[in-house]
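# Examination of the molecular architecture
Spelled out, the chains give:
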Amino acid sequence: MRRFLIAGLVNTALSYGIYAACLSLGMAYPVANFMAMIGGVLVSFLTQGGFVFRRLEARRFPAFVMMWLLLWLLNVALITLILPVAGGNAYLAGGVALVIVVVISFVVQKYFVFAGRSVR
């Protein structure tokens, strides 16, 4: 769990940085969130697969990408729900949604994407 938290902080900071930068450039939050997901997926597969779960295998990448596509949809839905409560602040809504998505991502990665034996 400690390795997940370390890698998660790095990945989350990178993803949120991309999201905030895209918002500041005038992108709509679903597009900004998608751009953050693309950057995050590339780095996250290396950190989560190699450092956290110690199962960095190319055969796991399609499931990892599929997981993040589904989590992106969830993230956009959560931002949409949180926006009115956050006074329309997409930065705040994105930050709150991200906390929820990170917890779900850990569970999905541990029990589905990187579960089972390694082929090494």
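This text gives an overview of the structure that appears in the document.

## Describing the packing of aromatic side chains
Tallying each qualifying case throughout the model produces 9 aromatic pairs. On the numbers, 5.9 Å between centres and 55° between planes, the contact of Phe-64 with Phe-114 is tilted. Of this pair, Phe-64 sits in helix H3 (residues 61-82) while Phe-114 sits in the segment after helix H4 (90-113), placing them 50 residues apart in sequence. Per residue, the accessibility class of Phe-64 equals that of Phe-114, and both read buried. Grouping aromatic residues by their ring pairs yields a cluster made of Phe-4, Phe-45, Phe-53, Phe-61, Phe-64, Phe-106 and Phe-114.

## Remarks on the packing of H3 against H4
Where H3 contacts H4, the two axes come as close as 9 Å, and the packing angle between them is 150°. With respect to H4, the element H3 is oriented roughly antiparallel. The chirality of how H3 crosses H4 is right-handed. The segment H3 lies against H4, with Ala-63, Phe-64, Met-67, Trp-68, Leu-71, Leu-74, Asn-75, Leu-78, Ile-79 and Ile-82 engaging Ala-93, Gly-94, Val-96, Ala-97, Leu-98, Ile-100, Val-101, Ile-104, Ser-105, Val-108, Gln-109 and Val-113. Among the residues making up the contact of H3 with H4, the classes are represented as 18 nonpolar, 4 polar and no charged.

## Some points on a nonpolar patch on the surface
On the surface, Leu-14, Val-31, Phe-34, Met-35, Ile-38, Leu-42, Val-43, Met-66, Leu-69, Leu-70 and Leu-73 cluster together into a nonpolar patch covering about 910 Å² of accessible area. If you tally residues by element for the nonpolar patch, the top one is helix H2 (residues 29-52), at 6 residues. Turning to its location among the elements, Val-43 is positioned in helix H2.

Calculation rules
- Along each chain, the written sequence defines residue order, and numbers are assigned to residues from 1.
- Per-residue local features are limited, in this predicted model, to residues with pLDDT of at least 70; the limit for side-chain atom pairs, both in listing and counting, is 80 or more; totals at the level of whole chains, interfaces and linings are taken over all residues.
- For the side-chain quantities, the full set of heavy atoms in the structure was used; hydrogens and water were omitted.
- Only centres within 6.5 Å qualify two rings of Phe, Tyr or Trp (six-membered ring in Trp) as a pair; their planes then separate them into stacked at under 30 degrees, edge-to-face at over 60, and tilted for everything else.
- Strands are runs of DSSP state E lasting at least two residues, helices are runs of H or I lasting at least four, and both sets are numbered from the N terminus onward.
- When accessible area is computed with a 1.4 Å probe and restricted to protein chains, residues below 20% of their type maximum are described as buried, those above 50% as exposed, and intermediate ones as partly exposed.
- Whenever a helix is involved, its axis is fitted only over the stretch in contact; in every case the axis is a line through C-alpha atoms, and angles between N-to-C directions fall within 0 to 180 degrees.
- In this scheme, roughly parallel covers angles under 35 degrees and roughly antiparallel covers those over 145, while 65 to 115 is roughly perpendicular and the rest are oblique.
- The crossing is said to be left-handed when, going from far helix to near helix, the turn is anticlockwise and less than a right angle, and right-handed when the turn is clockwise.
- Only heavy atoms enter the contact rule, under which two residues are in contact if any of them lie within 4.5 Å.
- In this classification, Asp, Glu, Lys and Arg are treated as charged, Ala, Val, Leu, Ile, Met, Phe, Trp, Tyr, Cys and Pro as nonpolar, and every other residue, Gly included, as polar.
- Patch definition: residues above 30% relative accessible area lacking any salt bridge, with like charges linked at up to 9 Å and the nonpolar side chains Val, Leu, Ile, Met, Phe, Trp and Tyr linked at up to 5 Å.
- All accessible areas in this document rest on Shrake-Rupley with a 1.4 Å probe, and a residue is counted as covered only by the protein chains that are shown.
- A carboxyl oxygen of Asp or Glu within 4 Å of a side-chain nitrogen of Lys or Arg is what we treat as a salt bridge.

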